[in-house]
Amino acid sequence: MEGISRVGKNAVSRYELVIFDFDGTLADSAAWMMRAVNPMARRYGFKTVTEDEIEMLRGRSTREVIRYLGVSPWKLPLIARAGKKLMAADAHTIPLFPETEKMLRALHAAGVKIAVVSSNSETVIRRVLGEELGNLISLYACGASLFGKARKFRQVTRQGVARDKIICIGDETRDIEAARAVGLDCGAVGWGYAKPSILAQHGPTVSFNSMSEIISYVGASKAAVGGD
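Because the structure is a prediction, the values reported are computed rather than measured.

Novice: It is not clear to me how the layout of surface pockets should be interpreted in this structure. Could you clarify?
Specialist: Approximately 1400 Å³ is the volume attributed to the largest pocket. Lining the largest pocket are 50 residues, with Trp32, Met33, Leu146, Glu172 and Arg174 sitting closest to its centre. In the lining of the largest pocket, the residues fall into 28 nonpolar, eleven polar and eleven charged. Counting contributing residues, the lining of the largest pocket receives three or more from each of domain 1 (17-28 + 95-219) and domain 2 (30-93).

Novice: I would appreciate a short explanation of the pattern of salt bridges in the present structure.
Specialist: Overall, the coordinates contain ten salt bridges when judged by the stated rule. Taking the shortest distance from any N to any O, the salt bridge between Arg105 and Glu101 comes out at 3.0 Å. Note that Arg105 and Glu101 are positioned in helix α5 (residues 100-109) at a spacing of four residues, about one turn of the helix. The partly exposed category is assigned to Arg105, whose relative accessible area is 31%. Across the salt bridge formed by Asp175 and Lys149, the nearest N and O atoms sit 2.7 Å from each other. Taken together, the positions of Asp175 in helix α9 (residues 173-182) and Lys149 in helix α8 (residues 149-157) put the pair 26 residues apart, joining distant regions of the chain. Under the relative-accessibility criterion, Asp175 is labelled buried at 6%. Beyond isolated ion pairs, a larger network of salt bridges with shared partners links Asp21, Lys149 and Asp175.

Novice: What am I meant to see in the domain arrangement of the chain here?
Specialist: The figure often quoted for interface size is the accessible area lost as the parts come together. Taken domain by domain, the chain comprises domain 1 (17-28 + 95-219) and domain 2 (30-93). Each of domain 1 and domain 2 has a C-alpha centre, and these two points are 21 Å apart. At the junction of the two partners, domain 1 supplies 22 residues and domain 2 supplies 19 residues. Overall, the association of domain 1 and domain 2 removes approximately 1700 Å² of surface from exposure, summing both partners, and the carbon and sulfur fraction of that is 56%. Of all residues in domain 1, Phe147, Tyr193 and Lys195 give up the largest surface area on contact with domain 2, accounting jointly for 32% of the area buried on that side.

Novice: I would appreciate a short explanation of the nonpolar core in the present structure.
Specialist: Note that soluble globular proteins tend to have their nonpolar side chains buried in a common cluster. The biggest cluster of nonpolar side chains holds 40 residues, and the ones touching the most others in it are Phe20, Met103 and Ile214. In terms of residue count, the dominant contributor to this core is helix α11 (residues 211-219) (five residues). When residues are assigned to domains, this core turns out to be shared by domain 1 (17-28 + 95-219) and domain 2 (30-93), each giving three or more. Dropping the residues within four chain positions of it, Phe20 is found in contact with Thr25, Leu26, Met103, Leu104, Leu107, Ile114, Ala115, Val116, Val117, Ile169 and Ile214. Residues Ile19, Ala141, Val161 and Ala179 belong to the second largest nonpolar core, which totals 21 residues.

Novice: Just to check I follow, could you spell out empty space enclosed by the protein for this structure?
Specialist: Where empty space is left becomes clear once a probe the size of a water molecule has been rolled over the atoms. Using the criterion set out here, one finds one cavity of 30 Å³ or more in the structure. Quantified by volume, the largest cavity comes out at close to 40 Å³. The wall of the largest cavity is formed by Ile19, Phe20, Asp21, Val117, Lys149, Phe153, Cys168, Ile169, Gly170 and Asp175. Of all the secondary-structure elements, those providing two or more residues to the lining of the largest cavity are β1 (17-20), α8 and β4 (166-170). Of the residues forming the lining of the largest cavity, the biggest block, three residues, is contributed by β4. Within the lining of the largest cavity, the residues separate by chemical class into six nonpolar, one polar and three charged.

Novice: Is there a simple way to explain the pairing of strand β5 (residues 185-189) in this structure?
Specialist: Residues in a regular strand project their side chains so that they alternate between the two faces of the sheet. Among the five residues in β5, four count as buried, and that is most of the element. Judged from the four bridges that link them, β4 and β5 form a sheet pairing that is parallel. Residue Gly170 lies in a different strand from β5, and its bridge partner there is Ala188. Once you follow β4 into α9 and on to β5, the crossover reads as right-handed. Relative to strand β6 (residues 206-208), β5 runs parallel, the two sharing three bridges. Each residue of the ladder has a partner; that of Val189, found in β6, is Phe208. Taken together, β5, helix α10 (residues 196-201) and β6 form a β-α-β motif whose crossover is right-handed.

Novice: Sorry, what's going on with the packing of aromatic side chains here?
Specialist: When we look at a pair of aromatic rings, we describe it by the centre distance and by the angle of the planes. Across all of its chains, the model carries two aromatic pairs by this definition. Here Tyr15 and Tyr217 contribute two aromatic rings whose centre-to-centre distance is 6.1 Å and whose plane-to-plane angle is 35°, an arrangement assigned as tilted. Here the residue Tyr15 occupies a position in the segment before β1, and Tyr217 occupies one in helix α11, the gap between them amounting to 202 residues. For the pair formed by Tyr15 and Tyr217, the shared burial category is buried. Over the ring of Tyr217 we find Arg14; its NZ or CZ atom is 3.9 Å from the centre of that ring. Above the plane of the ring of Phe147 lies Arg63, whose end atom (NZ or CZ) is 4.1 Å from the centre.

Rules behind the numbers
The residue numbering used here restarts from 1 in each chain and proceeds along that chain's sequence as written. Confidence filtering applies because this is a predicted model: local features only for residues at pLDDT of at least 70, side-chain atom pairs given and counted only at 80 or more, and all residues used for totals across whole chains, interfaces and linings. Side-chain metrics rest on all non-hydrogen atoms present in the structure, leaving aside hydrogens and water. A 1.4 Å probe that fits into a set of points on a 1 Å grid over the protein atoms alone but cannot get out defines a cavity; an open set with protein on both sides within 12 Å along at least five of seven lines defines a pocket, and lining residues are those with an atom within 4 Å of a point. Grid points are joined across faces, edges and corners, and a volume is the space filled by probe spheres set on the points. Any residue outside Ala, Val, Leu, Ile, Met, Phe, Trp, Tyr, Cys, Pro, Asp, Glu, Lys and Arg is labelled polar, Gly included; the first ten of those are nonpolar and the last four are charged. Domain extents, as shown, originate in an automatic or database domain assignment. A pairing counts as a salt bridge when a side-chain nitrogen of Lys or Arg comes within 4 Å of a carboxyl oxygen of Asp or Glu. Secondary structure elements are defined from DSSP: runs of H or I of at least 4 residues count as helices, runs of E of at least 2 residues count as strands, and each element is numbered from the N terminus. Per-residue accessibility, obtained with a 1.4 Å probe over protein chains only, is compared with the maximum for each type, and a residue is labelled buried under 20%, exposed over 50%, and partly exposed between these values. Here, residues are in contact when the closest pair of their heavy atoms is within 4.5 Å. Take the accessible area each of two parts loses on contact, using a 1.4 Å probe, and add the two losses: that sum is the buried area. Take the buried residues of types Ala, Val, Leu, Ile, Met, Phe, Trp, Tyr and Cys, join any two whose side-chain atoms come within 4.5 Å, and each joined set is a nonpolar core. Pairing between strands is defined by DSSP: at least two bridges between them are needed. Whether a crossover is right-handed depends on one test, that the path from the first strand over the helix to the second runs clockwise when the strands point away from the viewer. Each Phe, Tyr or Trp ring, with Trp reduced to its six-membered ring, pairs with another whose centre is within 6.5 Å; inter-plane angles below 30 degrees give stacked pairs, above 60 give edge-to-face pairs, and intermediate values give tilted ones. A positively charged side chain is recorded as over a ring if its NZ (Lys) or CZ (Arg) lies within 6 Å of the ring centre. The angle to the ring normal must also be within 35 degrees.

Below is the structure:
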């Protein structure tokens, strides 16, 4: 990978628009999820889990996790709404990953547009990002259903950027599935919910081990990459 120094105002970007997932990609909400999952399970009648089971489920696809937990499909919208309400109340406890601010600023400085597509609410996301970082985001498409990100991606692609200049970046297998359904490149991050091994099995365009790698990959022109 090229270093961060390759990205700047004079760099030719590989992509003009980056669509980020939020939880597990920009925000470190894992601890909150750990606290919330079993109370939600008891309330909505699906399987409670131990820490060992949670670790095991990180190696499964989103659909496999739902089957393991025994969540009824008709309950998914109810659970999602309840989860969003709980997270809104706890937004002040959810931190960004240490490199998130630096990455967003670097991409913005390079002239790359940034969007966020998430199941979370725009209100919560803006609260966690803070006003200054939140204003670096060109477009929010929030409140997606669990498997409804493809529709949100389609909304974002109507903003006038060619599809081959857009990349979606997330931490779950459903993020890869949604990007593929719309014909967009997708990046999988190794620091979020799903383990890199299960993400690799779903064939992302690229995998990232750090946010510095995102800066380099997004900001490097295809010609420059081929010449290195």
